[in-house]
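# A structural walkthrough
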Amino acid sequence: MLGRPRKSRRLWLVFFALAACLIAEALLRGGVLNPVDQRLQDFWFQWQGVRAEARHVGIVALDEDTLAAYPDDPMIFWTDRLAVAVARLREVGANVVGLDMLLSISPERWLGKLGGDLQQAARDYDRTFREQINSGQLVLASTRSGSGGRETDYLLPSPDYLLALPDFDIPGYVALADLLDEGDGVIRRYLMAPVALADRILLDGNVPILGLPSLLAVRAAGLDPLATSWMIGGRAMDREQPPEPIPYFGPPGTFPRVSLTRLLSDDALNDPAVTALQGKTVLIGATAAGLNDEHFTPYATRLFSGRGVLMSGVELHANVLESLLSGERLQPLGDGPRIGTLLLMVGLAVVAFVALPVWAGALLWLATIPVLALSGFLAFRFDVLAPVSAYAVATAIALLGVLGWRLTGEERERSRVRQMFGRYVSDQVVEALLKSDTRPELGGQSQEITVLFSDIRNFTTISERLNAREVVEMLNTYFERACAPLLAEGGSIDKFIGDAIMVEFGSPLPLADHANRGIRAAIALRAVAAEFSVWMEKRFPDRNLPKFAVGIGLHSGEAVIGNIGSLKRMEFTAIGDTVNLASRLEGMTKEIGCAILASETTIVGAGRNVVCGRSEVVKVKGREEAVRVFEVLNVEGGEKDA
C-alpha cells in the first residue's frame, strides 16, 4: 500500500553501521590492525620531533671518546672506573644510578682461573666497585631467556656482585634490561614488570622482577620494589599491568649525555655537565656504535625503503624512565570514546554513502584517509593514540555494505519504481518518489487528487479519412507533444484510452496544489492541440479533415490509487467517483461548447487566479446530485482563450 514507511531501509542502514563497527572493533582487539596503527604512530613520532624536555634523567655514555681513551683495556676490567663514576655521581647528588651493562663475570673470577700470583692480585680488584653496589644507590642489569619460569632462564650479574647487594636483595637491586619486541624488531612498548608474580613465587623471589627503568623509578621515588603497585610521577603503576606505549621524548640524541671520560677526569666535580646531574636518576650505558647496543625505534622506520637512525639501549631505557618519573604517557583512546566516535563516524558515513553515487562515495572515503591520519596526529600531540585504522576499516566496510545493498536491494527497488512510473510521470516525480519514505505496493489507498481527461474531437471522422498507419502516426505524434506539458506540471499519465488521455495530479506522491497544476496543464494541453492542428493541415492537406481540437474535463476529490489488477496483469491507476466525474465532464465540453470544463471543487481548490467563462449547474449521468461546472479560459498572467 502506498505510504507505508520504509522502515526496512532504515533498519538495513543501521545494521550496516553496527556490523561495520563490530568488525572493525574485532579486528582492532584481535591485533590485525596493529601493524597499520604502529607504522602511523612511528611517523607521528618522526613528524613531531622533540616532544618534551627530559628533566629527571641523565645519561653517562660509554661513547667513542671513552673507547679511544682506553683502547687496550678489556671492558671486563672497567669496574674500577665504573666505581669511580658511581662515586662521583653520588657525590654530585645523583638520586639513583643504573648500570645498563651486564657484568656476568668479575675480573676477580676471570683472573682467578689463571691461578698463581694473578689470582692473589685479583682479590681486591673489585673492592671499590662492590662498595658502590653495597651503597644501595646502584642498580645492576640482568637479562632473561626462555619463559622465565626457571632460574636457569636468567643471566644475572657475577655472584661476586650479587653477594655485595644490600641484604642479598636481588629483586630490589637487579633489574631486567630486556626490551619488548613488537614482532617487527621495533621497540614501541615496555613492561613495568617482565616477570609475572607467579614466576617470582615459583622461584622463591631469587630473580629480578622489574624492568631496569621501572626499578630505577621505584628506587628514585623511595618506594618498595616488592610492592604490587606504586604511585610514581603522579600515576598509579601496577606490577601486573599490560605493556604500555613508550612516549619517546624525541629522536636519538634528545637526552643530554655526559661522556664517561669527563666523569673520570680529575676536575669532574667542577664540570657543569657533571654537576647538572644533581637530583637526577642516571643511567650508565653504551652509546658507541661499536658496542652493538642499538635498536629500532619509531624513529628508525621508513615508509618505503631504508632506515633511520637507531637508538642506543641506554637512551631507550632513559625514555621509559623519564616517562615514569615525569608522568608522561601515551594513552590509547578508551573503549567508550573509541566506540562512540566509531559509531558516530560510521553512521555519518552510511548516510553520506547512501546519498551519494557510488563513485562519489568511494572518493569521499579516500579523502577521509588523510583527514583521519591528520586527526590521529592531532590526538597524538595531546598524548592520545587514536586507532586510525579502525575508523578507516569501519567506513570501508560501511561503503561496501551500502554498495552491496544498492546492488541487491535498493537498486532493485529503484528499478521497480522506475519501471512502474518512469513511462508516465516526469523524472522529477520519479526522483522525488525514490527519495520519499513511501513506496507504491499492491493494493490501494485513498488520496486527494485532481483527474484530467482529454480526448480528440471528431476522432471518428478523422479515423475514417485516414488509413490505419496514418492514424497511428497521428496519435503517436500528438501524444508525444501532449505528454510534455502534463509531465511538466507533475502529472501522472495513467493511460491512453484510444484517443483519450487520463492524467492524475497528486499521484503517486501527494501534492498540495494538485488542482492548480491540473488547470495549468489543461491550458497548456489546449495550446498544444492548437499547434498540432497546424501540423495536421500540413501533413494531410487534401483529406478534408475537421479542425483538430480537444476537450478536457477536470475534477478534484478523493480517489483510490494503487496497483490494481491481477498478479498476471496489473497497473498503477486511480478509481472512484472522482475519476468517473472527470470523464463525464470531458464529454460535456461538446454540449457546453468549451475546450476546458472543470468542476467547482477544482476551481475552488486552484484558488482565485483561475480565469473562468460560463458557469452552469449540470446533471451528470450516474450521479443524483447536480454539479456546478466552469469553463476555464486561463490563469492570471496567461494568454486568454480565443
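Anything mentioned here points back to the structure above.
Throughout what follows, the structure given in this document is the object of discussion. All of these numbers come straight from a predicted model, not from anything done at the bench.

About the criteria used
- Residues numbered from 1 in each chain as written.
- Predicted model: local features only at pLDDT ≥ 70, side-chain atom pairs only at ≥ 80, totals over all residues.
- Heavy atoms only, no water.
- Helix = DSSP H or I, 4+ residues; strand = E, 2+ residues; numbered from the N terminus.
- Buried < 20%, exposed > 50% of the residue type's maximum accessible area, 1.4 Å probe, protein only.
- Contact = heavy atoms within 4.5 Å.
- Areas by Shrake-Rupley, 256 points an atom, 1.4 Å probe, with all protein chains shown as cover.
- Core = buried A, V, L, I, M, F, W, Y, C linked by side-chain atoms within 4.5 Å.
- Axes fitted to C-alpha atoms, helices over the stretch in contact; angles between N-to-C directions.
- Parallel < 35°, antiparallel > 145°, perpendicular 65-115°, else oblique.
- Left-handed = near helix turned anticlockwise from the far one by under 90°.
- Nonpolar A, V, L, I, M, F, W, Y, C, P; charged D, E, K, R; others polar.
- Pairing = 2+ DSSP bridges.
- Patch = residues over 30% accessible without salt bridge, like charges linked within 9 Å, V, L, I, M, F, W, Y side chains within 5 Å.
- Salt bridge = Lys/Arg side-chain N within 4 Å of Asp/Glu carboxyl O.
- Arc of directions from axis to C-beta.
- Phe/Tyr/Trp six-rings, centres within 6.5 Å; stacked < 30°, edge-to-face > 60°.
- Lys NZ or Arg CZ within 6 Å of the ring centre and 35° of its normal.

The next thing to look at is the overall build of the chain. For the chain, the helix and strand inventory stands at 23 helices and 24 strands. Within the chain, buried positions represent 49% of all 642 residues. Sequence separation of at least 24 residues holds for 74% of the intrachain contacts in the chain that already meet a minimum separation of 6. In the structure as shown, the chain presents an accessible area of about 30,100 Å², 56% of it carried by carbon and sulfur atoms.

Attention shifts here to the nonpolar core. Counting 64 residues, the largest nonpolar core has Ile232, Tyr248, Val346 and Val350 as its most contacted members. Counting residues per element, this core draws most heavily on helix α17 (residues 388–421), which supplies 8 residues. Those residues within four positions of Val346 in sequence are excluded, and the remaining contacts are Ala17, Ala20, Cys21, Ala394, Thr395 and Ala398. Counting residues in hydrophobic clusters, the runner-up holds 43 residues, among them Ile462, Phe479, Leu525 and Leu554.

This brings us to the packing of helix α15 (residues 335–355) against helix α16 (residues 358–381). The N-to-C vectors of α15 and α16 enclose an angle of 150°; their axes lie 10 Å apart at closest approach. In terms of axis orientation, α15 runs roughly antiparallel to α16. Considering the relative orientation of α15 and α16, their crossing is right-handed. On the side of α15, the interface is formed by Met345, Ala352 and Phe353, while α16 contributes Gly361, Leu364, Trp365 and Leu372. Residues that form the contact of α15 with α16 fall into these classes: 6 nonpolar, 1 polar and no charged.

Neither face of strand β2 (residues 97–100) is exposed, since Val97 and Leu99 on one face and Gly98 and Asp100 on the opposite face are all buried. In the sheet, β2 pairs with strand β3 (residues 138–144) via 2 bridges, with the strands oriented parallel. Considered in β3, the bridge of Gly98 is made with Val139. As paired elements, β2 and strand β12 (residues 281–286) share 4 bridges and run parallel to each other. The partner of Leu99 across the bridge, within β12, is Ile284.

All right, on to a nonpolar patch on the surface then. A cluster of nonpolar side chains, contributed by Val14, Leu18, Ile339 and Leu343, occupies part of the molecular surface with about 310 Å² of accessible area. Listing elements by their share of the nonpolar patch, those giving two or more residues are α1 (7–29) and α15. With respect to the helices and strands, Ile339 occurs in helix α15.

The subject of this paragraph is helix α7 (residues 127–134). Burial in α7 covers these residues: Phe129, Gln132 and Ile133. Seen from one end, α7 has its buried residues packed into an arc of 105°, which puts them on one side. Residues of α7 that are buried in the fold lie against α4 (79–92), β2, β3 and α8 (159–162). Phi turns positive one or two residues past the end of α7, at Gly136, with a value near 85°.

Before going further, it helps to examine the packing of aromatic side chains. Overall, the coordinates contain 19 aromatic pairs when judged by the stated rule. With 5.9 Å between their ring centres and 85° between their planes, Tyr248 and Tyr299 make a pair best called edge-to-face. Residue Tyr248 is located in the loop between β10 (244–245) and β11 (257–259), and its partner Tyr299 is located in the loop between β13 (294–295) and β14 (311–312); the two are separated by 51 residues in the primary sequence. A relative accessible area of 0% means that Tyr248 is categorised as buried. Exposure remark for Tyr299: the relative accessible area of 6% places this residue in the buried category. Look at Tyr478 and Phe479: their rings are 5.7 Å apart centre to centre, the planes differ by 45°, and that puts the pair in the tilted class. The pair formed by Tyr478 and Phe479 is uniform in burial state, with each residue classed as buried. Site record: aromatic cluster; members linked through ring pairs are Phe43, Trp44, Phe45, Trp47, Tyr248, Tyr299, Phe377 and Phe380. Sitting over the face of the ring of Phe380, Arg51 holds its NZ or CZ atom 5.1 Å from the ring centroid. Between Arg219 and the ring centre of Tyr173, over which it is positioned, the NZ or CZ distance is 4.0 Å.

Across a sheet, strands are paired by hydrogen bonds formed along the backbone, either parallel or antiparallel in direction. In space, the 3 strands of this open sheet follow the order β6-β7-β10, with antiparallel pairing throughout. Every other strand in the sheet has two partners, leaving β6 (180–181) and β10 as the edge strands with one partner each. Pairing between β6 and strand β7 (residues 187–190): 2 bridges, direction antiparallel. Looking at the pairing, Asp181 lines up with Ile187 of β7.

The next point concerns the environment of Leu343. On the secondary structure map, Leu343 appears in helix α15. Residues within four places of Leu343 in sequence aside, it is in contact with Leu18 and Cys21.

Every second residue of strand β22 (residues 596–599) is oriented toward a common face, with Ile596 and Ala598 on one face and Leu597 and Ser599 on the other, all of them buried. Where β22 meets strand β24 (residues 627–635), 3 bridges bridge the pair, whose relative direction is antiparallel. In the strand pairing of β24, Ala598 is matched with Phe630.

Remember that the coordinates give geometry; whether it matters functionally is a separate question.
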